[in-house]
Amino acid sequence: MMAIQQGRILVVGDIMLDRYWFGEVNRISPEAPVPVVRVQSSDERLGGAANVARNIAALGAQAALMGVVGGDEPGKKVAQLLQAEGIKPFLQADPSVATTVKLRVIGRTQQLLRVDFEQIPSQDVLQTKLNDFIQWVKDFDVVIFSDYGKGGLQHIPAMITAAREAGKWVLIDPKGSDWERYRGAHLITPNRGELKEVVGGWNSEDQLTAKAQQVREHLGLEALLVTRSEQGMSLYQPDQVMHVPTVAREVFDVSGAGDTVIATLACGLAAGQSLPASVQLANRAAGIVVGKLGTATVTYQELFAS
Ligand SMILES: Nc1ncnc2c1ncn2[C@@H]1O[C@H](COP(=O)(O)OP(=O)(O)OP(=O)(O)O)[C@@H](O)[C@H]1O
Ligand SMILES: [Mg+2]
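Residues numbered from 1 in each chain as written. Chains lettered and ligands numbered in written order. Predicted model: local features only at pLDDT ≥ 70, side-chain atom pairs only at ≥ 80, totals over all residues.

S.K.: In this structure, what is going on with the environment of D173? I would like to understand it.
M.R.: Mapped onto the fold, D173 is located in strand β9 (residues 169-173). Residue D173 is classed as buried on the basis of its C-beta count, with 26 C-beta atoms lying within 10 Å. Measuring from C-alpha to C-alpha, the distance between D173 and G256 comes to 12 Å, with 83 residues separating the pair along the chain. (Helix = DSSP H or I, 4+ residues; strand = E, 2+ residues; numbered from the N terminus. Buried ≥ 20, exposed ≤ 12 C-beta atoms within 10 Å, placed from the backbone.)

Below, the structure is given as structure tokens:
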């Protein structure tokens, strides 16, 4: 038995609500050449940073989530879902913005349209978020910054400094090409595309290693974990590289696998496991989650079965 239940993990980042409207399409609109969907049911799921927290809760660790929502109905829905999943909320409500929502309109089985609502939070609310972070970080073992590029992590350099001063693990799932703002974290977990955006491409394993180690050193990181889809993952540490092949047996849906990876990694570290052991655990969890449909999670029982 691994002491996952005692682990206290704070996820900070861009909170989203994934919303689905399902309906029938029986006619074309008289107003424009588009189908008319008569909505019959809907579904809502936690997305973005909230999906990382959901993965932590599913594994049985103590999950908390800090981030901005709007003062609107989707913001209330996020709060409800967090409560239902047993995730401790540290939400900053910003009445001047809409909660980030990705709305999919699905006619029968076909996705017809995705509608995104997203706005950059106000300066005041981002400052409140930083203050809340500095106040609460001491209560956790591991901090995950889940960056989806929506502007919720404007103060990430100050947050990294505060977390490191408090002696916490700092893990980051990056977005975009500006990685300077992640300086001083323990570890970042780019996928292949995200790494490519920053270091350019590579045409051999040796070149990838050289580029990965260079960016790791340049940013003062202890480690870089590159998730490589069907090629598994590679962990770059000073003078050391560990390649872990995927253990996925069936692949149904890879969306959200990156969230499962960083969540499981945090659970391993919070339970006192080494970084390489935690990476092995995260790879096992990823292998399970890609075999499930939808943005799924992995439970403690599934992870430690067999
Ligand atoms: N097609 C695949 N076959 C086998 N394993 C996979 C596949 N895709 C993902 N995985 C597993 O999931 C891990 C994370 O996947 P990936 O590198 O695609 O992350 P990601 O792009 O951040 O995912 P996402 O953004 O969709 O959450 C991989 O390291 C691997 O273990
Ligand atoms: Mg990802």
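From this point, the discussion proceeds with the structure in view.
S.K.: Would you explain the nonpolar core in this entry?
M.R.: Across soluble globular proteins, nonpolar side chains show a tendency to be buried alongside one another. Membership of the largest hydrophobic core comes to 84 residues, with the highest contact counts inside it found for I9, V11, I56, L65, V143, L171 and A266. With nine residues, the single largest contributor to this core is helix α7 (residues 257-270). Each residue touching L65, except ones within four places of it in the same chain, is listed here: V11, I15, A49, A50, A53, L82, I87, P89 and F90. (Core = buried A, V, L, I, M, F, W, Y, C linked by C-beta atoms within 7 Å. Contact = placed C-beta atoms within 7 Å.)

S.K.: I tried to follow helix α6 (residues 205-218) on my own but got confused; where do I start?
M.R.: Because an α-helix completes one turn every 3.6 residues, residues spaced three or four positions apart along the sequence face the same direction. Between its first and last C-alpha atoms α6 spans 20 Å; for 14 residues at 1.5 Å apiece the expected length is 20 Å, and the two agree. Of the residues one or two after α6, G220 is the one with positive phi, at around 65°. (Expected span 1.5 Å × (residues − 1).)

S.K.: Mind showing me how you'd approach the sheet that holds strand β2 (residues 15-28) here?
M.R.: Strand order in the open sheet made by the four strands is β3-β2-β6-β7, with mixed pairing throughout. In this open sheet, the two strands that pair with only one neighbour each are β3 (35-48) and β7 (110-117). Here the average twist between neighbouring strands, direction ignored, is 20°. Pairing of β2 with β3 involves 13 bridges; the strand directions are antiparallel. Counterpart to R27 in the pairing with β3 is V36. Across the sheet, helix α1 (residues 49-58) touches β2 and β3, and the angle it forms with β3 is around 60°. (Pairing = 2+ DSSP bridges. Axes fitted to C-alpha atoms, helices over the stretch in contact; angles between N-to-C directions.)

S.K.: Is there a simple way to think about the packing of α7 against helix α8 (residues 275-289) in this case?
M.R.: Helix-helix packing: each pair is described by the crossing angle between the helix axes and the interaxial distance. Where α7 meets α8, the axes come as close as 8 Å, and the angle between the chain directions of the two elements is 145°. Crossing geometry of α7 relative to α8 is assigned as right-handed. Residue-level contacts link A257, T260, V261, T264, L265, G268 and L269 of α7 to L275, A277, S278, V279, L281, A282, A285, A286 and V289 of α8. Partitioning the contact of α7 with α8 into residue classes produces 12 nonpolar, four polar and no charged. (Left-handed = near helix turned anticlockwise from the far one by under 90°. Nonpolar A, V, L, I, M, F, W, Y, C, P; charged D, E, K, R; others polar.)

S.K.: Can you walk me through the site of ligand 1 in this structure?
M.R.: Of all residues adjacent to ligand 1, which total 21 residues, the nearest are N191, T227, A257, G258 and A286. Those elements that place two or more of their residues in the shell around ligand 1 are α7 and α8. Here the element with the most residues in the shell around ligand 1 is α7; it accounts for four residues. Residue composition of the shell around ligand 1, by class: eight nonpolar, 10 polar and three charged. (Near = placed C-beta within 6 Å.)

S.K.: I would appreciate a short explanation of the pairing of β9 in the present structure.
M.R.: Side chains on a regular strand alternate between the two faces of the sheet. With five of five residues buried, β9 is to be regarded as a mostly interior element. Of the two faces of β9, the one lined by W169, L171 and D173 and the one lined by V170 and I172 are each fully buried. Relative to β9, strand β8 (residues 142-146) runs parallel, the two sharing five bridges. Across the sheet, the residue bridging to F145 is I172, located in β9. Regarding the hand of the β-α-β motif, the stretch spanning β8, helix α4 (residues 156-165) and β9 is right-handed. Direction of pairing for β9 relative to strand β10 (residues 187-188): parallel, over a ladder of two bridges. Paired with I172 across the bridge in β10 is I188. (Right-handed = clockwise from strand over helix to strand, strands pointing away.)

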